[in-house]
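Letter by letter, the chains look like this.
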There are 4 protein chains.
Amino acid sequence: MIKTGIVGATGYTGSELVRLLYNHPEVDIQIITSESRKGELFSDVHPHFQGLADHELQPAYKVLDAGLDAVFLALPHGVSMEYVEKYAGADFRVIDLSGDFRLSTPNVYESWYSKKHSYPQGFEKAVYGLPELHREEIRNSRLVANPGCYPTSAILGLAPLVKANIVIPGEIVIDSKSGVTGAGVKAKPTTHYSNVSDNFKAYGLKRHRHTVEIEEQLSGLSSDGPMTVQFTPHLLPVDRGILSTIYSRPREGVTKNQLLSLYSEFYDGHPFVRIRKEPPALKDVRGSNFCDLYITYDERTNRIITLSVIDNLVKGAAGQAMQNMNLMFGLEEEVGFTALPLNP
Amino acid sequence: MIKTGIVGATGYTGSELVRLLYNHPEVDIQIITSESRKGELFSDVHPHFQGLADHELQPAYKVLDAGLDAVFLALPHGVSMEYVEKYAGADFRVIDLSGDFRLSTPNVYESWYSKKHSYPQGFEKAVYGLPELHREEIRNSRLVANPGCYPTSAILGLAPLVKANIVIPGEIVIDSKSGVTGAGVKAKPTTHYSNVSDNFKAYGLKRHRHTVEIEEQLSGLSSDGPMTVQFTPHLLPVDRGILSTIYSRPREGVTKNQLLSLYSEFYDGHPFVRIRKEPPALKDVRGSNFCDLYITYDERTNRIITLSVIDNLVKGAAGQAMQNMNLMFGLEEEVGFTALPLNP
Amino acid sequence: MIKTGIVGATGYTGSELVRLLYNHPEVDIQIITSESRKGELFSDVHPHFQGLADHELQPAYKVLDAGLDAVFLALPHGVSMEYVEKYAGADFRVIDLSGDFRLSTPNVYESWYSKKHSYPQGFEKAVYGLPELHREEIRNSRLVANPGCYPTSAILGLAPLVKANIVIPGEIVIDSKSGVTGAGVKAKPTTHYSNVSDNFKAYGLKRHRHTVEIEEQLSGLSSDGPMTVQFTPHLLPVDRGILSTIYSRPREGVTKNQLLSLYSEFYDGHPFVRIRKEPPALKDVRGSNFCDLYITYDERTNRIITLSVIDNLVKGAAGQAMQNMNLMFGLEEEVGFTALPLNP
Amino acid sequence: MIKTGIVGATGYTGSELVRLLYNHPEVDIQIITSESRKGELFSDVHPHFQGLADHELQPAYKVLDAGLDAVFLALPHGVSMEYVEKYAGADFRVIDLSGDFRLSTPNVYESWYSKKHSYPQGFEKAVYGLPELHREEIRNSRLVANPGCYPTSAILGLAPLVKANIVIPGEIVIDSKSGVTGAGVKAKPTTHYSNVSDNFKAYGLKRHRHTVEIEEQLSGLSSDGPMTVQFTPHLLPVDRGILSTIYSRPREGVTKNQLLSLYSEFYDGHPFVRIRKEPPALKDVRGSNFCDLYITYDERTNRIITLSVIDNLVKGAAGQAMQNMNLMFGLEEEVGFTALPLNP
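Every value quoted in this text rests on a predicted model; they were computed, and no experiment measured them.

About the thresholds
- Residues numbered from 1 in each chain as written.
- Chains lettered and ligands numbered in written order.
- Predicted model: local features only at pLDDT ≥ 70, side-chain atom pairs only at ≥ 80, totals over all residues.
- Heavy atoms only, no water.
- Helix = DSSP H or I, 4+ residues; strand = E, 2+ residues; numbered from the N terminus.
- Rg over C-alpha atoms; globule rule 2.2 N^0.38 Å.
- Contact = heavy atoms within 4.5 Å.
- Areas by Shrake-Rupley, 256 points an atom, 1.4 Å probe, with all protein chains shown as cover.
- Lys, Arg positive; Asp, Glu negative; His and termini not counted.
- Charge placed at Lys NZ, Arg CZ, Asp CG, Glu CD.
- Least-squares fit on C-alpha atoms with pLDDT ≥ 70 in both.
- Axes fitted to C-alpha atoms, helices over the stretch in contact; angles between N-to-C directions.
- Parallel < 35°, antiparallel > 145°, perpendicular 65-115°, else oblique.
- Left-handed = near helix turned anticlockwise from the far one by under 90°.
- Buried area = accessible area lost by both parts, 1.4 Å probe.
- Salt bridge = Lys/Arg side-chain N within 4 Å of Asp/Glu carboxyl O.
- Polar contact = N/O pair within 3.5 Å; in protein donor to acceptor, adjacent residues only side chain to side chain.
- Nonpolar A, V, L, I, M, F, W, Y, C, P; charged D, E, K, R; others polar.

A.B. asks: Explain the overall build of chain A here, please?
C.D. replies: What chain A contains, in helices and strands, is 11 helices and 13 strands. A compact globule built from 344 residues would reach a C-alpha radius of gyration of about 20 Å, and chain A, at 20 Å, matches this within 12%. Each principal axis of the C-alpha distribution contributes one length, and for chain A these read about 60 × 45 × 40 Å. Taking the intrachain contacts of chain A between residues at least 6 apart in sequence as the baseline, contacts between residues at least 24 apart amount to 71%. For chain A, the computed accessible surface area is about 11,000 Å², with 47% contributed by carbon and sulfur atoms. Taken as two groups, the 34 positive and 40 negative side-chain charges of chain A have centres that lie 5 Å from each other.

Below is the structure:
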């Protein structure tokens, strides 16, 4: 059994980790922490877990003496780095769901997060936890930086094209739409029901932290130098899910069938990517770890259109974290994933 | 392994059965039928099952020669009875999710469903499949009439009070609110997005088929003669879930603690009923087989208020059907239930 | 022209007042105040008013020197009373949208609002601003206490029955469901999108401030002594609207036609109450000042069921306030009401 | 008074016309027609109009003898052309809300609508009813082809750029997201609540009828030959509203301020286009005739991003039709528009 701890209980990624790990046959959730709610039960904070996960919430330092094998950090950006540092000498492996170690260097981090990084040494050992691109490094890693939600959807949608060097760098537009849970559990005007429901808007135009995360990963795949992308996030009146509509321009004409083969081969052996026959909808993956992709080619305009759909809390966060944990502990990637798409 | 068949693939109960049975360690879904879509794949009808359940849909008669142990009928009211009759001599057990055999007699059926019953003999062997009330009969049954969604929420909310003879018959008001999936998969004005979203209304005032189902079951529990209830359904702008707000009047004063004890004892040993500390919300049970109950007493008005919440497609349909199947095959009721509440 | 001021710009009632008063041919909005946002434009706070209402927000004291005829107080409970006191000697008339002067006495207020009242003298001159019941007093009033949203829907649904002494006191159940704007503009966990969307729950069981407001008004209509009601509010995943499902028991049998006549006569000459042929839905009144009523009688259970629907921000707040203003200034009640129901 | 008729009462554009025309001081709605519901009241079909618009629905031929000045055709594509032909010799002016006369020639129509056009002569006199581009032609027209909803949002977002010849043809991507009312009042699987709510998807990739409508109008503005655009529609879980996120590439560097000036000048004197300071949301225009635009320039990628928001039923249909009517009858464009944005 993998003895696991979850640091940070009050947010959506914390509760989602419990939902997913609960059914994992090789996992024992030994400790869940919260500074603000310690002493209360996990099910006091998330009452739908009453009778399922009634762990008493612990202060985070208890993690160090709990004989754990794996620790998930479900903490805000900027806070997580402190814990990665504190746990640097511990025996357990760490999966960090924040953005603190996703980028290539502390400098890039500081430039896009407008914040000094307090633990630059962490970058050396952190592996970017997108199993479809970095499976082997993840297997051997002791610190995984779990990818952002938008980047997961965008990178999986573009990776086959970039890797095959088919598209022109500089001609990529990623128009992404996300559900509200991506903005976190905290109540703010942005997440007030009446500002979201029956509504829709763009935000973070031109400059969003996830832009550089996408660009760095795609650049790593490209044999054609650094990639620049146009990325625009939007806020959907839904709880969960991201759909990215991705426009790219092939260097020369392609056919839909060529694209289908390319994607099928690229994702062969990757159980959580599905190449769909028809454009996928958010609910097709809701609650599950799937990334559903649809690809087509518009001869009239010479553009490739890729649609990429994930559940931002699962494949975009807690599910991908569990997938990474499986790899880190020598298990098949799909072990323990019982949650099927909830549709409707 | 329990070899199972699902008759009726296109509706919500059909796809929900697949979602739940998929993870059941003792179940093998051998056949799924659809007259209207036969020859297509189950995942053509419900694309979110692509790669998970790609069964070719069969005509329903194939069920007879498939060597099955259990057959679920996920068919409309009035149609199901024909299949129960056709399958009367078969070796497998039948769980009927329609309303065709839920009531006590063909006469009652005909009076409330305004329709002649074509297989009155079925009533003799049908058992009302509410495990919290009829566990033993279900264990020995070959034909289970799976309860209606509203009745499941209302009866579980009232059973302890009625059984203990605490409340005055004739003083019960059940104000229920249901999500749209209760109206079925068929597109009609009632289910058009723009008639439901940001909207709310009552329907079926005074006379709804579920009224008599509730009354018959409560009367069976009562030592005080037939129960009459006021039942009003409403349509919520949500996919799933029923919340019933139930008002009753005690014969004499009670306390909240007495009520809590009464409910706790009544549901002791019943894994899917949770007595909640605070009023439950729909999402606390979404996707799961729980019925969450909250009970309080208003001294000022001398009324008991009970809140009862279920997912209409799970505890109100497919989940309860799987729970019944477990009982019929000698398993623990909760075997195979991996789906935790999806919240948010 | 009626020179008006609006004290409190940031909340929903403030912006809704501007939306409604904007088209009133006899109204000139001279001043809008906000302590927290003063110096900014009204359209900075509510950007959908850009180009329509670009008033610079003033501190509230400016109201005193603005030569106004009417002032609307769109302030929280407990704050409003201070302003009523400050404006006590002013020349303008005041319409207070808070709950501070709706109840009969300071004592009742303190008992249900758990708060000391700082201006008890205000109760003497305050008139309860429900035009369908108190038209004449409102005409002559200088301080109107604009009714609560739930009470408006409940009282209008019950007034004909209580006034005619048809129903048994103590047998009234009001099961109300409200949209989220009723909880105010402030971001809190209760109003977080993901706690509301696809969700539903009851709250404030047994004891809610609006219970006593309903009881006092009904008692005033009754020739049978004080009325007690069971009132349960619920939170709907919608922006606007309240539907109250009201159960009462007639002293003796009635017919639906008798009830229809009773209601039609009672509301004859009241332009904002519509007696509906079918159960009304929230969107039938959305954005408008209508209260739609539906009445029926259940012979089987001997109960009257009344459905009452309003938009909580219009007939339940700002619209009713404008209706009261019309009366106070000798205009026809419906003058200036151009907003028709927005459906869908 | 302009005596008007509305042909086609059952759809959303029909009821929206009534909502808007109701408050127009110069309009008298004399006749509303419906073949399928004739003899019933308009308020039987749309109950929220009870007491407001209780017209008895007439067969369409009655329009010819009613002494009308203006007739609105709120009919499906393909049906409308028959009525335009029938009414060709009549005295009244016609505003056709369908797509039957929006394109340049019958051939283009037939190629994109996959349907033979039965009244090709109509194209000669039809004027494309986008007042911001064709005000003068509309003033003198007797047949206005009211623009499509997506095209209205896209063309208004791009017109200043194309007219000024600033952007490279062939580099335009229009990623549009629309509410469900755009799919019409008819119940179909696409509009079933549970397929839309908490969901999101793209459709009509590569080839949508509105693509050619956008391209033709932009080409008419361009001094640089025919324009080709990439247009992708998506279905939002909202009732009303379209947001188009439009990407274009300037021939040479521009600044945000230059773009703001360009747009401000272009739309100077056009009362329904608002240049917004921040990215607009759907609810900022809900129920109103505004088109809200936001423009920015991304130096990093050398792309212009334009956000364009309308209510598809108002500026995208009935409101624009009334705006056109005002022009055709010599009135100011904004006469009679009392409906302000309903937010929330």
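From this point, the discussion proceeds with the structure in view.
A.B. asks: What exactly am I supposed to notice about the relation of the copies chain D and chain A here?
C.D. replies: What relates the two chain copies is a rotation about an axis together with a slide along it. Once chain D has been moved 0.0 Å along the axis and rotated by 180°, it coincides with chain A to within an RMSD of 0.0 Å. Such a turn and shift between the copies fits a two-fold axis. Identified as the residue of chain D closest to the rotation axis by C-alpha distance is proline 237 of chain D, at 3.4 Å. When you check the interface residues of chain D against chain A, 100% turn up at the interface there too, and the contact is symmetric in its surfaces.

A.B. asks: What is the right way to look at the packing of helix 1 (residues 12-21) of chain C against helix 11 (residues 314-328) of chain C in this model?
C.D. replies: If you want to describe how two helices pack, look at the angle between their axes and the distance between the axes. All names here are of chain C. Interaxial distance between helix 1 and helix 11 falls to 10 Å at its minimum, and their mutual angle equals 50°. The angle between helix 1 and helix 11 falls in the class oblique. Here helix 1 and helix 11 pass one another in a crossing that is right-handed. Residues Thr13, Glu16, Leu17, Arg19, Leu20 and Leu21 of helix 1 form the contact with helix 11, whose own contacting residues are Val314, Ala317, Ala318, Gly319, Ala321, Met322 and Met325.

A.B. asks: Got a minute to help me understand the interface of chain B and chain D in this structure?
C.D. replies: When the parts come together, some accessible area is lost, and that loss is often what is quoted as the size of the interface. At the interface, 20 residues of chain B touch 20 residues of chain D. Here chain B meets chain D over a buried area of about 1,400 Å², counting both sides, of which 54% is carbon and sulfur. Counting the surface chain B buries against chain D, the share from its top three residues, His192, Tyr193 and Asp239 of chain B, is 48%. Scanning the region where chain B abuts chain D turns up 0 salt bridges. For the pair chain B and chain D, the interface holds 10 residue pairs in polar contact (both at pLDDT 80 or more). Ranked by the residues each element gives to the side of chain B that touches chain D, the list is headed by helix 8 (residues 193-196) of chain B, at 3 residues. Classifying every residue of the side of chain B that touches chain D by side-chain character gives 9 nonpolar, 6 polar and 5 charged.

A.B. asks: Would you explain the interface of chain D and chain A in this entry?
C.D. replies: Each partner contributes residues to the interface: chain D has 49 residues there, and chain A has 49 residues. Buried surface at the junction of chain D and chain A, summed over both partners, amounts to about 4,000 Å²; 52% is from carbon and sulfur atoms. Three residues, Asp198, Lys206 and Arg300 of chain D, lead the burial of chain D against chain A; their summed loss comes to 18% of the area buried on that side. On inspection of chain D and its partner chain A, the count reaches 8 salt bridges. Here lysine 206 of chain A and glutamate 299 of chain D are joined by a salt bridge, their closest N and O atoms 3.9 Å apart. For the pair chain D and chain A, the interface holds 40 residue pairs in polar contact (both at pLDDT 80 or more). Elements supplying a minimum of two residues to the side of chain D that touches chain A: strand 7 (172-178), strand 8 (201-202), helix 9 (209-221), strand 9 (229-235), strand 10 (242-248), strand 12 (291-298) and strand 13 (303-310) of chain D. Across the side of chain D that touches chain A, the residue classes break down as 22 nonpolar, 12 polar and 15 charged.

The analysis is restricted to geometry; functional conclusions fall outside its scope.
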